[in-house]
Structure formats: C-alpha cells, structure tokens
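Letter by letter, the chains look like this.
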Amino acid sequence: MSNPSGPPHGESPWARPTGQPDPHGSAPQRPPEPSASPTRQMPAGTREEPTTQIPAAPPQAPRPPQEPVAPSAQPAAAGEAPTTAIETAPRSASILRDPLALVLILVTVIALALAGLIGAELIARRIGDSKVAKATECVVNDKASASFGVTPPFLWQHITGNYTNISIRTAGNQVKDAKQMTAEINISDVDLHGTADSKGTIGSLQATLTWPAAGIKETVQNMVPVLGNLVSDLKTNPQDGTVELKGAFGLASVVVKPEVVDGGLSLRVQKLTGLGALTLPRESLQPELDRFAKELTKRYPLGLRADGIEVTDTGVVARFSTRNAPIPRSDDPCFANL
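All chains use their own residue numbering, which begins from 1 and follows the written sequence. Since the coordinates come from a predicted model, pLDDT governs what is reported: local features require at least 70, and pairs of side-chain atoms require 80 or more to be given and counted, while whole-chain, interface and lining totals use all residues. For side-chain calculations, the full set of non-hydrogen atoms in the structure is used, while hydrogens and water are omitted.

Attention now moves to the overall build of the protein chain. Numbering of helices and strands starts at the N terminus; helices are DSSP runs of H or I of at least 4 residues and strands are runs of E of at least 2. Counting its regular elements, the protein chain contains 7 helices and 12 strands. Burial classes follow relative accessibility: with a 1.4 Å probe on protein chains only, a residue under 20% of its type's maximum area counts as buried, one over 50% as exposed, and anything between as partly exposed. When each of the 338 residues of the protein chain is scored for burial, the buried share is 29%. Counted over contacts in the protein chain with a minimum sequence separation of 6, partners at least 24 positions apart contribute 48%. Every accessible area reported is derived by Shrake-Rupley at a probe size of 1.4 Å, with residue values counting cover from the shown protein chains alone. Put simply, the protein chain shows about 23,500 Å² of open surface, and 58% of that area lies on carbon and sulfur atoms. Residue contacts are counted whenever heavy atoms from the two residues lie within 4.5 Å of one another.

Turning our eyes to something else, we now look at the packing of helix α4 (residues 213-223) against helix α7 (residues 282-297). Note on geometry: axes are C-alpha line fits, over the in-contact stretch for helices, and angles between N-to-C directions span 0 to 180 degrees. Between α4 and α7, whose axes approach to 11 Å, the crossing angle comes to 110°. Between α4 and α7, the crossing angle belongs to the class labelled roughly perpendicular. In the crossing of α4 with α7, the sense of the turn from one axis to the other is right-handed. In this structure, α4 uses Thr219, Val220 and Met223 to contact α7, whose residues at the interface are Arg291, Phe292, Glu295 and Leu296. A class-by-class count of the residues in the contact of α4 with α7 yields 4 nonpolar, 1 polar and 2 charged. Roughly parallel refers to an angle under 35 degrees, roughly antiparallel to one over 145, roughly perpendicular to one between 65 and 115, and oblique to any angle outside these ranges. Left-handed describes a crossing whose near helix is turned anticlockwise from the far helix by less than a right angle; the clockwise case is right-handed. For this scheme, ten residues count as nonpolar: Ala, Val, Leu, Ile, Met, Phe, Trp, Tyr, Cys and Pro. Four count as charged, namely Asp, Glu, Lys and Arg, and the remainder, Gly too, count as polar.

Checked against the element boundaries, valine 311 lands in strand β11 (residues 305-311). The buried category is assigned to valine 311, whose relative accessible area is 11%. When neighbours within four sequence positions are excluded, valine 311 is seen to be in contact with Thr236, Asn237, Pro238, Gly241, Thr242, Pro258 and Val316.

Whether two aromatic rings pair depends on their centres lying within 6.5 Å, for rings of Phe, Tyr and Trp, where Trp uses its six-membered ring; planes under 30 degrees apart make the pair stacked, over 60 edge-to-face, and the rest tilted. Under the counting rule described, the total for this entry stands at 4 aromatic pairs. Centroid distance phenylalanine 148 to phenylalanine 154: 4.9 Å. Interplanar angle 70°. Geometry classified as edge-to-face. Classification of phenylalanine 154 by relative accessible area gives buried; the value is 5%. Taken together, a centroid distance of 6.1 Å and an interplanar angle of 45° make the contact between phenylalanine 154 and tyrosine 163 tilted. Across this residue pair, the class does not change: phenylalanine 154 and tyrosine 163 are buried. Ring pairs connect the aromatic residues Phe148, Phe154 and Tyr163, which therefore count as one cluster.

Turning our eyes to something else, we now look at the pattern of salt bridges. By convention in these notes, a salt bridge is any Lys or Arg side-chain nitrogen within 4 Å of a carboxyl oxygen on Asp or Glu. For the coordinates displayed, the defined rule picks out 5 salt bridges. For arginine 291, the salt bridge goes to glutamate 288, with nearest N and O atoms at 3.3 Å. With arginine 291 and glutamate 288 both in helix α7 and 3 residues apart, this pair spans about one turn of that helix. Linking arginine 319 and glutamate 310 is a salt bridge whose minimum nitrogen-to-oxygen distance equals 3.8 Å. Given the relative accessible area of 39%, arginine 319 is considered partly exposed. For glutamate 310, a relative accessible area of 38% translates into the label partly exposed.

A few words now on the UniProt feature "transmembrane region" (unreviewed entry) in the protein chain. UniProt positions are given in the numbering used here, feature names are shortened, and annotations may be inferred rather than shown by experiment. Within the UniProt annotation, "transmembrane region" (unreviewed entry) is assigned to residues 100-124. Annotated as residues 100-124, this span is 100% helix and 0% strand, and its ends, taken at the C-alpha atoms, are 36 Å apart.

Our focus in this paragraph is the pairing of strand β8 (residues 242-247). In terms of burial, β8 is a largely internal element, 5 of the 6 residues being buried. The pairing criterion for strands is at least two bridges between them, as found by DSSP. Between the end of strand β7 (residues 231-237) and the start of β8, which pair antiparallel, lie 4 residues, with glycine 241 showing a positive phi angle near 70°. Bridge count for β8 against strand β9 (residues 252-261) is 4 bridges, and the pairing is antiparallel. Among the inter-strand pairings, valine 243 is bridged to a residue of β9, identified as valine 256.

Helices are assigned an expected span. That span is 1.5 Å times one less than the residue count. When the terminal C-alpha atoms of helix α2 (residues 99-140) are compared, their 61 Å separation across 42 residues agrees well with the 62 Å that a helix rising 1.5 Å per residue should span. Here α2 has its buried residues at Ala101, Glu121, Ala124, Arg125, Gly128, Asp129, Val132, Ala133, Ala135, Thr136, Val139 and Val140.

We now examine the sheet that holds β7. Overall, antiparallel pairing links the 4 strands, which are arranged β7-β8-β9-β10 in an open sheet. Edge strands, defined here as strands with exactly one partner in the open sheet, are β7 and β10 (264-274). Strand-to-strand, the axes of this sheet are offset by a mean angle of 25°, without reference to chain direction. With 6 bridges connecting them, β7 and β8 associate as antiparallel partners. Looking across to β8, one finds that lysine 235 is bridged to glutamate 244.

Take a look at the structure:
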C-alpha cells in the first residue's frame with residue numbers, strides 16, 4: 001500500500017514559521033471575531049470568572065453660550081489695544097483700596113465744596129451790601145457804601161434772618177438838606193422776623209453826623225433867608241461850643257450855640273453885634289433858627305434821637321441813636337427792595 005502524497009520531508013506545515021502564507025495557496029485563517037459581549041474571551045479549558053459590567057457615563061448637558069463682553073466706551077488711542085470694562089474694573093477696585101487715593105479724592109471733594117460756599121458767600125454779601133447802600137442813598141440823597149459783619153457768614157445771617165452788624169458811610173456831599181454833611185451809621189442786632197405791625201426790629205442804631213463849617217454856612221445861606229444874605233463867613237469856637245456867623249466886612253455878627261433839646265437839635269442865639277443887632281432882632285431870628293434845626297432832623301427814620309453835639313475846630317459833630325426800633329411796614333420806595 002503506497003503512502004499518500006504529501007509535502008516533502010521537512011516542509012511540514014507545523015514546521016512553518018508563524019505568519020508566512022501557505023505555499024500551496026490555502027486561504028489564511030481569519031482571527032476570531034470579538035464577542036459583542038463586553039466580557040473578555042477566555043481560552044478553552046479556562047474557567048470563566050463572572051465580570052462586573054461598568055455602566056456607561058450619563059451624557060453631559062451642553063454648556064450655555066457665553067455672552068460677549070462689551071468693550072469699554074472709551075476709544076483706544078492709536079497704536080493701543082482697546083480697553084474693556086473687565087480690564088478697567090480691577091483698576092477702580094485698586095484705587096478704592098489705595099488709602100492715598102481715597103485721601104486725595106476726599107480732599108478734592110472738600111476743596112470743591114468750600115470753593116462753592118465761598119463763591120456763594122461773596123456773591124450774596126455783594127448783593128446785600130448793594131441793597132442796603134441803595135436804600136441809604138435814597139434816604140440821605142447821597143452816595144453811600146455798606147458792609148455786613150464778617151461773622152457769622154452772610155449766608156447764615158440771611159437764612160436765619162438775624163444780622164449782627166451793618167456799617168454804612170455816606171460820601172459827604174449832603175445828608176438831606178445839610179450840605180457837605182457825612183453820616184457814619186452802625187446797625188446791630190437786626191431781626192427780620194416781622195409781625196403784623198412791623199417787618200422786624202433793630203436792636204441798636206448809632207449815627208455820627210460830621211458837618212464842616214463850610215457846609216453849615218452853605219446850608220444856612222440856602223435855608224435861613226433872614227441870615228442868608230448877611231452870612232459871608234463862619235467860625236467855630238470849641239472853647240465855648242459856639243458858632244459865629246459873620247457878615248460882609250464884619251458889619252454884622254450872630255453867635256449861636258448848638259444844643260440837644262428833647263432829642264432834637266437846637267440853635268440858640270447867644271449874641272448879636274453890629275448891624276445884626278439892628279436889622280435882626282433876636283425875637284425874629286430865633287424862630288427862624290428853630291425852624292431850620294427842625295427841618296434838618298424831622299425826616300430822620302426809625303425814631304432817631306440826638307444824644308449829643310460837639311463843636312470842633314473844623315465844624316460840628318452830632319450823634320444820634322435808637323434802640324429796639326421797629327421797622328415799619330410802609331410804602332416808602334427807599335425800602336421797597338430790602
């Protein structure tokens with residue numbers, strides 16, 4: 001019995017190196033397909049251990065879309081990247097955390113507030129000075145200047161309606177009919193909380209009237225017809241407190257003494273010499289001088305009363321005052337804007 005044909009000796013398929021193709025054209029064996037089960041393939045003859053199936057991870061929720069960051073409103077300079085609000089926020093936070101920066105900001109705010117208050121104080125004070133000066137000018141028929149006290153501030157005085165001190169001075173041209181007279185007035189403790197009968201009260205008012213000799217002569221010439229044509233010169237005598245009215249060429253002379261009578265001024269005839277004694281009898285001259293003195297003071301406001309009068313080398317100085325005087329509610333145009 002013949003042996004079956006087979007491969008030559010030495011060419012046994014068990015002797016071929018692994019991975020080389022079958023020389024006789026047999027089809028290569030396919031590797032086993034992996035099992036669909038997640039369990040591992042075990043070789044034959046091996047006991048299979050139970051395996052734990054790992055659950056699949058749950059699907060992640062999609063992330064919400066991020067909002068675009070708005071750039072800062074400030075345009076970037078040439079050659080610089082634009083600055084966004086996110087970039088400026090840390091700068092603001094760092095400024096607020098810097099003590100020196102906070103101090104500088106606080107000092108700046110205080111300085112601006114003080115500058116505003118000072119400006120308002122100066123403007124209000126100027127308006128107040130101007131209104132009081134215009135009212136005084138209307139009363140005395142002359143230019144005047146006025147100023148309020150420094151303390152407390154004018155704004156505080158205006159808000160509270162209480163004025164501590166007001167100073168007024170006229171230009172020296174005249175006070176009503178008294179030519180070349182100067183008035184210096186100090187007013188204190190003005191309360192503008194009015195009542196039904198008054199606009200308020202004046203705690204104290206003191207007025208000093210300075211009347212030079214030349215002004216007395218001019219006024220007498222204008223207001224005393226009996227003496228006006230005779231008076232050519234005037235001389236004051238501080239030693240005895242008299243005023244001498246001299247006529248032309250020394251032909252006539254009248255000596256009068258200023259006095260305070262019942263809160264008003266009076267000119268008492270002391271002596272008549274020369275033609276004055278003949279042409280100007282005392283009985284006719286004294287009434288004229290009384291009328292003259294009354295005309296000078298009858299229209300002084302707020303109940304002013306004469307406290308004293310002094311004859312100096314250059315003229316006459318009279319002092320007037322009033323206390324706790326009510327400010328009347330009147331239609332006087334001089335006080336309409338106060």
